[in-house]
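Observations on chain architecture
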Amino acid sequence: MRTCKLLLPLLALAGLLAIVASCAQMKTVPGLPASHPETLVVGQQVNCAECHEDQKKGTMKPFNSFSHTQSFVKNHRFYAASDDRLCSTCHKSSFCNDCHTNQVEMKPSIKYGNRPDREMPHRGNFITMHKIEGKLDPASCYRCHGRANNERCVACHR
Amino acid sequence: MKKAFCALLCAALFAATSSGTLAADVTVDSSTLFGIGRRDISGASKERLLPATEFLGITADKLADGNLSLHLYGWGRADLADKSFNSDKSSGSLTYGYLQYRFNQAGTTVRAGRLFVREGIVNEQIDGISARTDLPMGFGLSFFGGATVHTAHISGETSDGKGDTLYGGRVNYRYKGLLEIGLSGVYESASPTLVTHTAGDYRRVGGDIWITPVKAVDIIGHSSYNTETQKFAEHTYLLNVKPLQHLVVTGEFNQHREQSYLYAWTMFSAAALNPNDKSSSAGLSASYEINKNLELAADYKHYSREFGSADRFGFDTRVNYKDNSIRGGIGYHYLNAGEGFAIGANPSASYHEFRCYAMRDTKSYFAAIDLLGDFFKDKIYNENSAWEATGSLGYHFTPALALSGDLSYGRNPQFTEEAKALLRLTYNMTYNMTYTGIGGKK
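Below you will find a few notes about this structure. Sequence order as written defines residue numbering, which begins from 1 separately in each chain. Lettering of chains starts at A and numbering of ligands starts at 1, both following the order in which they are written. Per-residue local features are limited, in this predicted model, to residues with pLDDT of at least 70; the limit for side-chain atom pairs, both in listing and counting, is 80 or more; totals at the level of whole chains, interfaces and linings are taken over all residues. Here the side-chain values reflect all heavy atoms present in the structure, with hydrogen atoms and water set aside.

Some details on the overall build of chain B
Secondary structure assignment for chain B yields two helices and 23 strands. Think of it in three bands: with a 1.4 Å probe and only protein chains considered, a residue is buried below 20% of the maximum accessible area for its type, exposed above 50%, and partly exposed in between. By the burial criterion, 50% of the 442 residues in chain B qualify as buried. Contacts in chain B between residues at least 24 apart in sequence constitute 43% of all its contacts with a sequence separation of at least 6. Surface accessibility in these figures is a Shrake-Rupley result with a 1.4 Å probe; residues are shielded only by whichever protein chains are displayed. Total accessible area on chain B stands at roughly 21300 Å², and carbon and sulfur atoms take up 61% of it. His residues and chain termini do not enter the charge count, which takes Lys and Arg as positive and Asp and Glu as negative. A charge is said to be at NZ when it belongs to Lys, at CZ for Arg, at CG for Asp and at CD for Glu. Between the mean site of the 43 positive side-chain charges and the mean site of the 45 negative ones, chain B shows a separation of 5 Å. A helix here means a DSSP run of H or I that spans at least four residues, while a strand means a run of E at least two residues long, and both kinds are numbered starting from the N terminus. For this analysis, residues touch if any pair of their heavy atoms sits within 4.5 Å.

A few points about the interface of chain A and chain B
Tallying the contact residues gives 92 residues for chain A and 129 residues for chain B. Defined here as a combined quantity, buried area equals the accessible surface (1.4 Å probe) lost by two parts on assembly, summed across both. Buried surface at the junction of chain A and chain B, summed over both partners, amounts to about 9400 Å²; 53% is from carbon and sulfur atoms. Salt bridges are defined by distance alone: a side-chain nitrogen of Lys or Arg within 4 Å of a carboxyl oxygen of Asp or Glu. On inspection of chain A and its partner chain B, the count reaches eleven salt bridges. Residue Lys74(A) pairs with Asp299(B) through a salt bridge whose shortest N-O separation is 3.4 Å. Any N or O atom pair separated by 3.5 Å or less is treated as a polar contact, with the protein-specific requirement of one donor-capable and one acceptor-capable atom, and with residues adjacent in sequence counted only for side-chain atom pairs. On the surface where chain A and chain B come into contact, there are 31 residue pairs in polar contact (both at pLDDT 80 or more).

Quick notes on helix α7 (residues 138–146) of chain A
All of the buried residues along α7(A) are Pro138(A), Ala139(A), Tyr142(A) and Gly146(A). Each buried residue of α7(A) lies within a common arc of 90 degrees when the element is viewed along its axis, so the set occupies one face. Considering only its buried residues, α7(A) is in contact with α6 (126–136) of chain A together with β11 (203–211), β14 (247–257), α2 (258–261), β15 (278–291) and β16 (294–305) of chain B. The directions considered for the arc are those from the helix axis to the C-beta atoms.

Describing α6(A)
Buried within α6(A) are the following residues: Thr128(A), Met129(A), Ile132(A), Glu133(A), Gly134(A) and Leu136(A). If you follow the buried residues of α6(A), they end up packed against α7 of chain A together with β16, β17 (308–321), β18 (326–337), β19 (351–361) and β20 (365–380) of chain B.

Considerations on the nonpolar core
Membership of the largest hydrophobic core comes to 28 residues, with the highest contact counts inside it found for Tyr142(A) and Phe144(B). Sorting the residues of this core by element identifies α7 and α8 (151–154) of chain A together with β4 (68–79), β5 (90–102), β6 (109–119) and β7 (122–134) of chain B as the ones contributing at least two each. Beyond its immediate sequence surroundings of up to four residues, Phe144(B) is in contact with Val117(B), Val122(B), Ile126(B), Ile129(B), Ser130(B), Leu166(B), Tyr167(B), Gly168(B), Gly169(B), Gly185(B) and Val186(B). Buried Ala, Val, Leu, Ile, Met, Phe, Trp, Tyr and Cys residues that are joined via side-chain atoms within 4.5 Å together make up what is termed a nonpolar core.

Quick word on the pairing of β18(B)
All names here are of chain B. Among the twelve residues that make up β18, nine are buried, leaving the element largely enclosed by the rest of the structure. Here β17 folds back onto β18 in antiparallel fashion, the turn holding four residues, of which Lys322 has a positive phi close to 50 degrees. DSSP calls a pair of strands paired once it identifies at least 2 bridges connecting them. Two strands pair when backbone bridges link them, and β18 and β19 are joined in this way by ten bridges, in the antiparallel orientation. When the bridges of β19 are listed, His333 appears paired with Glu353.

So, the environment of Tyr332(B)
Residue and element names in this part refer to chain B. Secondary-structure assignment places Tyr332 in strand β18. Judged by its relative accessible area of 18%, Tyr332 falls in the buried class. For the pair Tyr332 and Asp316, spaced 16 residues apart in the sequence, the C-alpha separation amounts to 6.6 Å. Here Tyr332 is in contact with Phe313, Gly314, Phe315, His352, Glu353 and Phe354, once residues within four sequence places are set aside.

A few points about the side chain of Arg355(B)
Positionally, Arg355(B) belongs in strand β19. Arg355(B) gets classed as buried once you look at its relative accessible area, which sits at 9%. A polar contact is formed between the side chain of Arg355(B) and the side chain of Asp370(B), at a distance of 3.1 Å. Arg355(B) has contacts with Pro116(A), Glu119(A), Arg123(A), Gly329(B), Ile330(B), Gly331(B), Asp370(B), Leu371(B) and Leu372(B), leaving out every residue within four places of it along the chain.

Looking at the side chain of Ser94(A)
Secondary-structure assignment places Ser94(A) in helix α4 (residues 93–97). In contact with Ser94(A), not counting residues within four places along its chain, are Tyr73(B) and Tyr96(B).

Brief notes about a nonpolar patch on the surface
Residues and elements named next belong to chain B. Taken together, the side chains of Phe34, Ile36, Leu80, Tyr365, Leu393, Tyr395, Phe397, Leu403, Leu423 and Leu425 make up a nonpolar region of the molecular surface, amounting to roughly 920 Å² of accessible area. Contributions of two or more residues to the nonpolar patch are made by β1 (21–39), β21 (383–396) and β23 (416–436). Considering the arrangement of structural elements, one finds Phe397 in the loop between β21 and β22 (401–412). Patch building starts from residues that exceed 30% relative accessible area and form no salt bridge, then joins like charges within 9 Å and nonpolar side chains (Val, Leu, Ile, Met, Phe, Trp, Tyr) within 5 Å.

Observations concerning the pairing of β7(B)
Residues and elements named next belong to chain B. With ten of 13 residues buried, β7 is to be regarded as a mostly interior element. When β6 meets β7, the two strands line up antiparallel, connected through eleven bridges. Paired with Arg111 across the bridge in β7 is Ser130. Between β6 and β7, which follow one another and run antiparallel, lie two residues, and Gly120 among them has a positive phi close to 60 degrees. Here β7 runs beside strand β8 (residues 139–148); their pairing, made up of nine bridges, is antiparallel. By the bridge assignment, Ala131 is partnered in β8 with Phe143. Linking β7 back to β8 in an antiparallel pair, the connection comprises four residues, with Met137 at a positive phi of about 65 degrees.

Here's the deal with the packing of aromatic side chains
Given two aromatic rings, their pairing is described by the distance between the two centres and the angle made by the two planes. Residue and element names in this part refer to chain B. Here a pair means two rings of Phe, Tyr or Trp (six-membered ring of Trp) with centres within 6.5 Å. Their orientation is stacked below 30 degrees between planes, edge-to-face above 60, and tilted elsewhere. Taken as a whole, this structure holds 22 aromatic pairs over all chains when the rule is applied. Judged by centre distance (5.5 Å) and plane angle (35 degrees), the rings of Tyr167 and Tyr187 are tilted. In this pair, Tyr167 is assigned in strand β9 (residues 165–175) and Tyr187 in strand β10 (residues 179–188), connecting sequence segments 20 residues apart. The class of Tyr167 is partly exposed, set by a relative accessible area of 45%. Of the residues examined, Tyr187 reaches a relative accessible area of 36% and is grouped as partly exposed.

From the geometry alone we can't say anything about function, so treat these as descriptive.
Given below as structure tokens:
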């Protein structure tokens, strides 16, 4: 008990010192810029490796991994989950929320009917197709709709 | 919510003016869409539909000392004729509305308001606060907490099945450019008791990883564990290999223990699912950029559930010319799936899917055409196919202001014939606003 009483203040002091030391070093930790220094062309499949040869210190990941190949676009959830700060240097949050949102009535493919290159989900007659796709991979529905209980879902799924 | 809005705007104004200057880059993104249609349901009177929907985003950057920003985005709909969506003639929602302060070092950001959080296994919307920073020696830390954003009530219930508060966070460690590992968790207060549905509390922990052992290889993924069911909920991993500069070969593996992963999906009473049921998928894809104008991709995926397995394969091609002002794409996929995945009593769920699109964008006009067709191996509701053609034509009045119109027509098992028309007015502009008040910088 006595040892504990001695240890606790020591541990607290060590913790405090660690925090102070960390704060003192924070200025040396690099960060990403708020926005991409050059405006990129709308609709362009960005190839980061065209300009960036090595990884940026703020991301600590190879920039080439973020080149917008078709594979990247299909699997973008993996990249956004661990480093959406890099996404936000070029994309506003609303770019993500065009599809990933809680309460919206209009399908993204209708909102962006003039941008078929954006590969918006649920194009065409998805109201029929979701009966097949939902059985194939229910997790893919849950990722966007599971916590949203969209009004459109609730209308039929009673 | 109105109170929260006012508080946010007041806070932004106070922060901006407290430094003696009012300076900001204000970006306005507005899309006003008028839908035009008729609804003719047998046994009911014909309805004329004219919904007007406004999507509005406002971003004010460089407030106060230059590191503060305000972000607002939401939508509203008003029916100018008969009711178009539900029993209300108008509706709307604030998607996000938050203040963000971004420190100059260590990528530190603090956000407060309605916001989306993406941290490892977590992807949530809250009314609250989130903060994130990198730390020395490769560590990083983030946390969030606040009120759950409630949505539509589940049928027959008086709630959406979610708890009222939500919090969580992530710690991570990075080693040079080779490795990042993270631990994250989310905890929601107890879900409400429901009348006919089974609600499950939303509480998960998990780990994520990103390894780049050599420059041409990435392994990314995460696993999550449901602390309520005390079972793993999800394993999802991606392997990227770049043997050539413009070739990416991707392998993917996903496995979900359905009860544990879907546990908080109250609409389907997922907490009551069989705890042993799993769904898995594994796939392989390759995309190759032949030159700046042409990219080819091919993919294959195998799906497996308790009641059967299915396979999907196909290809996509993308082209662009004249500095991206002409773009197009062609794709084909075939799903081979048995009766377990079929609609109704059909013997299979197999279908072919074709898609092609083309776009032209000039300084004055822009146009697009999009064709999508699904051709079923076995008829669905007595129809062989579902297809839709959409054409869009627009005009840029100025670089910021454009008017466009879409027409689409299709046939499908659900509605037999479906025709839609839409008018779209878009306005995207950034204003640089600078006002120097008394006592401001000289």
